[in-house]
Amino acid sequence: MEKYSTKWIKVSEPFPHVAHIELARGPVNAFSQEFWRSYGKVFDSLVADGVDVRAAVVSSAFPKIFTAGLDLGDAGNLGGDGADTTRDGARSSLAMRKMLLEFQHAIGAPERCPFPVIAATHNHVIGLGVDLISACDIRYAAADSKFSIKEVDIGLAADIGSLAFLPHITGNHSLVRELAYTARSFSAAEAEKIGLLSKVVQGSRDEVIKEALELARVISTKSPIAVSGVPENLAYTGAWNAHALMTNDISENLFATKQKRKANFAPLKVPSRLDGPKL
């Protein structure tokens, strides 16, 4: 999977079918346009190329920070069109909307994956970092993690994902508004209490990544058909099971259990005669 690494993102396979995606833009993983576009493209490429990923972990490559959020040196580009008084305001707004939708699409890439994505945070998780982990399926944090929805302090609304995801994740609209209005920091313990995290790991970067990768390893041993169906809306459960019950994974699982061996599941992607050569 190393070929999917980019200038600022490291991709590796620590266990079979497990992708480890590390944010590595020095010094503090601040997100420029190039960085967030690259982040979204890594996930989309893994899916489009049919790589047999069954679980992924997103972490920081740096020991002292997960991410500082938006790159303030690059943030001017987000508001550049609106500040240009020589251009028509409506056309500038449409251009801005297009960019923001692309931004949201990139940060929300884990949502589109047929495999679960686990965020493993430590130390500072600022602004866009909260958007990023909110789009992941599972969130683990080291005990030293400190979170902040920081956008209001630079004159922005948290419109890349936090305000869409957090009310559903936490079920506490009042607290989400408080955090967004004040930009105050909150600890891993508070994040776990409100439901943002499923686990707080004692220690820092190494410890939380170890726990997250082990969780990913366990998930990767399960039927990819079953796992890919978990995120489906409950309203479609019947339709989902109608096709999922046709899978050979069930019989393979039963035989493996009977024979006291590890199940060997086929990749999720099935080659098709309609797949032509890539141009």
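A brief report on the enclosed structure follows. This one's a predicted model, so the numbers in the text were calculated from it and none came from an experiment.

**Describing the overall build of the protein chain**
Next, step 1: The number of helices and strands found in the protein chain is 11 helices and 12 strands.
Next, step 2: Taken across its 279 residues, the protein chain has 46% of its residues classed as buried.

**Overview of the pairing of strand β7 (residues 117-121)**
Next, step 1: Among the five residues in β7, five count as buried, and that is most of the element.
Next, step 2: On β7, burial covers both faces: Val 117, Ala 119 and Thr 121 on one face and Ile 118 and Ala 120 on the other are all buried.
Next, step 3: Examined bridge by bridge, strand β4 (residues 55-60) and β7 share three bridges and lie parallel to one another. Residue pairing across strands places Ala 56 opposite Val 117, the latter belonging to β7.

**So, the sheet that holds strand β8 (residues 124-126)**
In any sheet, the strands associate via hydrogen bonds between backbone groups, in a parallel or an antiparallel arrangement.
Next, step 1: Strands sit in the order β5-β8-β10-β11 across an open sheet of four strands; the sheet is mixed. Each having just a single partner strand, β5 (65-67) and β11 (186-187) make up the two edges of the open sheet.
Next, step 2: Alignment of strand β10 (residues 146-148) against β11, held across two bridges, turns out to be antiparallel. Pairing of Phe 147 across the sheet is with Phe 186, part of β11.

**Looking at helix α1 (residues 33-48)**
Next, step 1: Helix length check: α1, at 16 residues, gives a terminal C-alpha distance of 22 Å against a target of 22 Å (1.5 Å per residue), a fit within 8%.
Next, step 2: The set of residues buried in α1 consists of Gln 33, Phe 35, Trp 36, Ser 38, Tyr 39, Gly 40, Val 42, Phe 43, Ser 45 and Leu 46.
Next, step 3: Phi turns positive one or two residues past the end of α1, at Gly 50, with a value near 70 degrees.

**Some words on the packing of aromatic side chains**
The description of an aromatic ring pair uses the distance of the two centres, along with the angle that the planes make with each other.
Next, step 1: Summed over the entire model, instances satisfying the criterion amount to six aromatic pairs.
Next, step 2: Measuring from ring centre to ring centre gives 4.2 Å for Phe 31 and Phe 35, while their planes differ by 15 degrees; the resulting arrangement is stacked.
Next, step 3: Between Tyr 39 and Phe 43 the ring centres are 5.1 Å apart and the planes differ by 75 degrees, which places this aromatic pair in the edge-to-face class. Separated by four residues within a single helix, Tyr 39 and Phe 43 lie in helix α1, roughly one turn from each other. For the pair shown, Tyr 39 and Phe 43 are each scored as buried.
Next, step 4: Aromatic rings pair up to connect Trp 8, Phe 31, Phe 35, Tyr 39 and Phe 43 into one cluster.
Next, step 5: Taking the ring centre of Trp 8 as reference, the NZ or CZ of Lys 7 above it sits at 4.3 Å.

**Comments concerning a nonpolar patch on the surface**
Next, step 1: A surface patch of nonpolar side chains, about 260 Å² in accessible area, is lined by Leu 72, Ile 154 and Leu 156.
Next, step 2: Here Leu 156 lies in the loop between β10 and α5 (162-170).
Next, step 3: Assessed through its relative accessible area of 36%, Leu 156 is described here as partly exposed.

**Describing the nonpolar core**
Next, step 1: Ranked by size, the top nonpolar core spans 50 residues in total, and within it Ile 21, Tyr 39, Leu 132 and Phe 147 carry the most contacts.
Next, step 2: Looking at which element gives the most residues to this core, the answer is α1, with six residues.
Next, step 3: If sequence neighbours within four positions are ignored, Ile 21 has contacts with Ile 9, Lys 10, Val 11, Val 42, Phe 43, Leu 46, Ala 56, Val 57, Val 58 and Ser 59.
Next, step 4: With 15 residues, the next largest nonpolar core counts Val 57, Ile 118, Tyr 140 and Ala 216 among its residues.

The rules behind the values
- Chains are numbered independently. Their residues run from 1 in the order of the written sequence.
- It should be noted that, the model being predicted, local features are given only for residues of pLDDT at least 70 and side-chain atom pairs only at 80 or more, the latter also being counted only at that level, while totals for whole chains, interfaces and linings use all residues.
- No hydrogens and no water enter the side-chain calculation; it runs on all heavy atoms of the structure.
- Only DSSP runs of H or I covering at least 4 residues are called helices, and only runs of E covering at least 2 are called strands; the numbering of each starts at the N terminus.
- Burial status follows relative accessibility: with a 1.4 Å probe on protein chains alone, a residue under 20% of its type maximum counts as buried, one over 50% as exposed, and anything between as partly exposed.
- Strands qualify as paired when DSSP identifies two bridges or more between them.
- Helix span is expected to be 1.5 Å times the residue number reduced by one.
- Between the rings of Phe, Tyr and Trp (Trp by its six-membered ring), a pair exists once the centres lie within 6.5 Å; its type follows the angle of the planes, with under 30 degrees stacked, over 60 edge-to-face, and the other angles tilted.
- Only lysine NZ and arginine CZ atoms are considered, and such an atom sits over a ring when it is within 6 Å of the ring centre and within 35 degrees of the ring normal.
- Surface patches are defined over residues having more than 30% relative accessible area and no salt bridge, joining like charges when they lie within 9 Å and nonpolar side chains (Val, Leu, Ile, Met, Phe, Trp, Tyr) when within 5 Å.
- Here, Shrake-Rupley sampling with a 1.4 Å probe gives the accessible areas, and only protein chains in the shown set may cover a residue.
- Take a side-chain nitrogen of Lys or Arg and a carboxyl oxygen of Asp or Glu: if they are within 4 Å of each other, that pair is a salt bridge.
- The definition of a nonpolar core used throughout is a set of buried Ala, Val, Leu, Ile, Met, Phe, Trp, Tyr and Cys residues joined through side-chain atoms within 4.5 Å.
- In what follows, a contact means two residues having at least one pair of non-hydrogen atoms within 4.5 Å.

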